Amino acid sequence: MNETLMLTILTIITAATPLVYAAIGELVVERSGVLNLGVEGMMLGGAVCSFAVAHHTGSATLAIVAGMLAGMLLALIFAFLTLSLQSSQVATGLALTIFGIGLSALLGQSLVGIAFEGLPRLHVPWLSELPVVGRLLFSHDALVYGSFAIVILVSWFLNRTRAGLVLRAVGDSHDAAHALGIKVIRVRYMATLFGGACAGLGGAYLSLVYTPMWVENMSAGRGWIALALVVFAVWQPGRLLLGAYLFGGISILQLHGQALGINVPSQLMSMLPYLTTILVLVLISRDRGRIRRNAPASIGQSFYPTT
Amino acid sequence: MSISVYLKRAGLVFGAAVLSAAAMSAQAADPFKVGFVYVGPVGDHGWTYRHDVGRKAVQDEFGADVETTFVESVPEGADAERVIRKLASSGHDLIYTTSFGFMNPTLKVARDFPNVKFEHATGYKRADNVSTYGARFYEGRAVIGTIAGMMTKTNTVGYIGSFPIPEVVRGINAFTIAMRKVNPDAEVKVVWVNSWYDPGKEADAAKALIDQGADIITQHTDSPAPLQVAEERGVLGFGQASDMSAFAPKSQLTSIIDNWDQYYVDRTRAAMDGTWESMDTWGGLASGMVAFPEYSADVPDDVKAAAEVVREGIIDGSFHPFQGPILNQAGEEILPEGGIYDDKTLLGMNFYVQGVQGELPQ
């Protein structure tokens, strides 16, 4: 296989992985009927905390756990405000993003300009040494494999388990779920916390692997792309994986195109994830049947428990 | 200077409390107050970091006679005006605003405070109490271009650009001309990331360039991310604005360093003894505004020597990074032998020279 092509694919994998994490978490959140627009803020919280822990302890595992906890903590604030106090999900989510940007910049003040050598790559005996396949499939860090595992797990959970069915029921009609005796608020709390942990993981990937350093606002809009990705994937984990690699691929190929002298305005390429998402939204609103089947019906609505 | 003192005298305790920092210092020994407005955090390891080093040089030079303050991470735009106005109204005698986007806010505030002196970095609008200053970084790029030309094995050098503005295009051309003087087969690939500071994108751009055969990476963006990638992939690179060897101990060959220390000391002294005048300064290697740290041990002696010839030639005036013959991308001569581009051409540069691949986005 062509060396350039292989290296390009490896680069696309690193570009797509943070998107996969942030988006798969948000997918679960939205399937439970909650719209959390604070992904960007939670990613930054995860990025700064995991980098701080990595810098002070040198432990990659602790750093990853710290990133997840930071994302969960921010998600808990969101969950408390929207689920317990029933504030508007849209406004609270936006506030969470703005809060996360500011808070992470504050926490990260002493971390700017510090180098960190990054996560170790996993080395699988024999498999990693295979000529093409070895480098393509068996030469990544643990977080890349984790991103695939989590998509498969979420897909299995949503479609094959009773708990997943409960979560979908809550997302589709919280009143009906409530009538059946399901604890709607509790389910949504758990989904939101899961979403926070995933966004935190995405952030941890940015500051530990993608560019092993901390700078203010380093997610640079990837949280918003993740939100678009969930809609693009029509709330299906498999399509989400595809979409993440498509969006990641576009941004990398755009840079390759420039280096090859192909003159496509790079601003247009930056718009593409959002343009395709709008296109999908248009298709969804046209097709009331097949495409729409997975869209959670009660998304963004506050649940007021009766009795 | 006067407002806080006035407020105190008038017994306006509340007003004095608001301006407490200014008021307290005014009470002490009435030092000359110098303010700095930064666009990034002082720990950005690049542009703002170097300005803050300059501020510390001023503080060291004058000791207790000068009091310096800085405000970091000031967004360009309406917020900037508020910050500059706050500094001017709290008794600062000289204010440095260190980003292009502070140009109009600086001028606006300067109109209202004719007794306060302002210094705006990289701008072109001046007033009686507003000077401008900038550095001829392209001179430094000619030096690293020479090194790159002699050290590239693939004859492909990757250049990560921020925005296709004359400042950046000038650097690309100076680099390319110097590189091809020592290696006529070498070419430059440019990738624009449309940002001064987006580590993820800068890293991706570096990877794309390395994947396409570049074995040396240079950049006109501010984060150390491209150098980190170079280190990881085992190719070479140059630091930007400050010494970035902490991020790439093996890869960084040298670094173009912004050095504002002397300028800040000189201008502060001029403002203190009353000889300050509004003027435009465009300093380079000769004035020390553009400087180099030690070359890395991996730079061979003959390359070091060639780089020094260029650097010393620029300093003593015997060599200019833009002296003819210069060819455009089509190979036509656009500047004949013996010609030198004047500053006006340099300031408006909007074309690539021969050796740069691709089209310049317009």
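Residues numbered from 1 in each chain as written. Chains lettered and ligands numbered in written order. Predicted model: local features only at pLDDT ≥ 70, side-chain atom pairs only at ≥ 80, totals over all residues.

K.L.:
Whenever I open this one, the overall build of chain B confuses me. Can you help?
P.N.:
Summing up its helical and strand segments, chain B has 13 helices and 14 strands in all. Here chain B has a C-alpha radius of gyration of 22 Å; the compact-globule value for 362 residues is 21 Å, and the two agree. Sequence-distant contacts in chain B: of pairs separated by 6 or more residues, those separated by 24 or more amount to 62%. (Helix = DSSP H or I, 4+ residues; strand = E, 2+ residues; numbered from the N terminus. Rg over C-alpha atoms; globule rule 2.2 N^0.38 Å. Contact = placed C-beta atoms within 7 Å.)

K.L.:
Mind showing me how you'd approach the packing of helix 10 (residues 222–232) of chain A against helix 11 (residues 237–260) of chain A here?
P.N.:
Between two packed helices, both the angle of their axes relative to each other and the distance between the axes serve to describe the pair. Residue and element names in this part refer to chain A. Between helix 10 and helix 11, whose axes approach to 9 Å, the crossing angle comes to 135°. Taken together, the axes of helix 10 and helix 11 lie oblique to each other. Our pair here, helix 10 against helix 11, has a crossing hand that is right-handed. When helix 10 is examined against helix 11, the residues Ile225, Leu229, Val230 and Phe232 are found in contact with a partner set consisting of Leu240, Gly243, Ala244 and Phe247. In terms of residue class, the contact of helix 10 with helix 11 is made up of seven nonpolar, one polar and no charged. (Axes fitted to C-alpha atoms, helices over the stretch in contact; angles between N-to-C directions. Parallel < 35°, antiparallel > 145°, perpendicular 65-115°, else oblique. Left-handed = near helix turned anticlockwise from the far one by under 90°. Nonpolar A, V, L, I, M, F, W, Y, C, P; charged D, E, K, R; others polar.)

K.L.:
In this structure, what is going on with the environment of glycine 93 of chain A? I would like to understand it.
P.N.:
Residue and element names in this part refer to chain A. If you trace the backbone, glycine 93 turns up in helix 4 (residues 89–107). Residue classification places glycine 93 among the buried residues on the basis of 24 C-beta atoms within 10 Å. For glycine 93 and aspartate 287, which are 194 residues apart along the polypeptide, the C-alpha to C-alpha distance reads 28 Å. Apart from the residues lying within four places of it in its own chain, the contact partners of glycine 93 are Leu35, Asn36, Leu37, Gly38 and Phe78. (Buried ≥ 20, exposed ≤ 12 C-beta atoms within 10 Å, placed from the backbone.)

K.L.:
Got a minute to help me understand the interface of chain B and chain A in this structure?
P.N.:
Bring the parts together and some accessible area is lost; that lost area is often taken as the interface size. With 28 residues of chain B in contact, the opposing surface of chain A contributes 29 residues. Taken together, the elements giving at least two residues each to the side of chain B that touches chain A come down to strand 7 (187–192), helix 9 (199–211) and helix 10 (225–233) of chain B. The element that contributes the greatest number of residues to the side of chain B that touches chain A is helix 9 of chain B, accounting for nine residues. Of the residues that constitute the side of chain B that touches chain A, the class distribution is twelve nonpolar, nine polar and seven charged.

K.L.:
Can you walk me through the nonpolar core in this structure?
P.N.:
Of all hydrophobic cores here, the largest spans 181 residues; its most connected members are Leu19, Ala23, Ile24, Leu229 and Leu240 of chain A together with Val37 and Val191 of chain B. Top contributing element to this core by residue count: helix 9 (residues 184–210) of chain A, with 15 residues. Each of domain 2 (31–135) and domain 3 (137–257 + 293–347) of chain B accounts for three or more of the residues forming this core. (Core = buried A, V, L, I, M, F, W, Y, C linked by C-beta atoms within 7 Å. Domains from an automatic or database assignment.)

K.L.:
What is the right way to look at the sheet that holds strand 1 (residues 32–37) of chain B in this model?
P.N.:
Residue and element names in this part refer to chain B. Read across the sheet, six strands follow the order 2-1-3-4-5-11 without closing on themselves; strand pairing throughout is parallel. Lying at the two open borders of the sheet, with one neighbouring strand each, are strand 2 (66–71) and strand 11 (280–283). Direction aside, the axes of adjacent strands within the sheet are offset by 15° on average. Of the strand pairs in this sheet, strand 4 (residues 117–121) and strand 5 (residues 130–135) are connected by four bridges, and their pairing is parallel. Directly across from alanine 121, in strand 5, lies its bridge partner tyrosine 133. Seen against the sheet, helix 6 (residues 103–112) touches strand 3 (94–97), strand 4 and strand 5 and runs at an angle of roughly 170° to strand 4. (Pairing = 2+ DSSP bridges.)

K.L.:
Which parts of the structure should I look at to understand helix 9 of chain A?
P.N.:
Each α-helix winds once per 3.6 residues, and so residues spaced three or four apart point in a common direction. Along its 27 residues, helix 9 of chain A runs 37 Å from first to last C-alpha, staying within 8% of the 39 Å computed at 1.5 Å per residue. Across the 27 residues of helix 9 of chain A, 23 count as buried, placing the element largely inside the fold. (Expected span 1.5 Å × (residues − 1).)

K.L.:
Before we go on, may I ask you to explain unusual backbone geometry in this structure?
P.N.:
Excluding glycine, most residues fall at negative phi; most peptide bonds, likewise, are trans. Here the residue pair glycine 324 of chain B and proline 325 of chain B is connected by a cis peptide bond, since its omega of 0° sits within 30 degrees of zero. Mapped onto the elements, proline 325 of chain B comes out in the loop between helix 12 (301–316) and strand 13 (326–327). Not every positive phi belongs to a glycine, and tryptophan 235 of chain A is a case in point at roughly 60°. With respect to the helices, strands and loops of the structure, tryptophan 235 of chain A is situated in the loop between helix 10 and helix 11.

K.L.:
It is not clear to me how the sheet that holds strand 8 (residues 216–219) of chain B should be interpreted in this structure. Could you clarify?
P.N.:
Sheets are built from strands paired through backbone hydrogen bonds, the pairs being either parallel or antiparallel. All names here are of chain B. Here six strands make up an open sheet; going across it, the order is 7-6-8-9-10-12 and the pairing mixed. Either end of the sheet is taken by a strand with one partner, and the two such strands are strand 7 and strand 12 (290–291). In this sheet, strand 12 lies alongside strand 10 (residues 252–258) in antiparallel orientation, the contact comprising two bridges. Residue aspartate 258 lies in a different strand from strand 12, and its bridge partner there is valine 290. Of the strands in this sheet, strand 6 (156–161), strand 7 and strand 8 touch helix 9, which is tilted by about 160° from strand 6.

K.L.:
Help me understand the packing of helix 10 of chain A against helix 12 (residues 266–286) of chain A, please; the structure alone is not making it clear to me.
P.N.:
All names here are of chain A. Running from amino to carboxyl end, helix 10 crosses helix 12 at an angle of 30°, the nearest separation of the two axes being 9 Å. Helix 12 is crossed by helix 10, and the crossing has left-handed handedness. Contacts between helix 10 and helix 12 involve Ile225, Ala228, Val231 and Phe232 from the former and Pro273, Tyr274, Thr276, Thr277, Val280 and Leu281 from the latter. Taken together, the residues that form the contact of helix 10 with helix 12 break down as eight nonpolar, two polar and no charged.

K.L.:
Hey, could you run me through the confidence of the model for chain B in this one?
P.N.:
Any segment with low pLDDT has predicted coordinates that should not be analysed in fine detail. All names here are of chain B. For chain B, the mean per-residue pLDDT works out to 88, and 92% of the residues sit at or above 70. Counting interchain partners and residues more than four positions distant, the pLDDT-below-50 stretch residues 1–28 has 28 contacts. Taken together, the chains of this predicted complex give a pTM of 0.81 and an interface ipTM of 0.78. (pLDDT = per-residue confidence, 0-100.)

K.L.:
Would you explain the pairing of strand 10 of chain B in this entry?
P.N.:
Within a regular strand, the side chains alternate between the two sheet faces. All names here are of chain B. Where burial is concerned, most of strand 10 is hidden: seven out of the seven residues are buried. Where strand 9 (residues 236–241) and strand 10 come together, four bridges link them in parallel fashion. The partner of alanine 241 across the bridge, within strand 10, is isoleucine 257.

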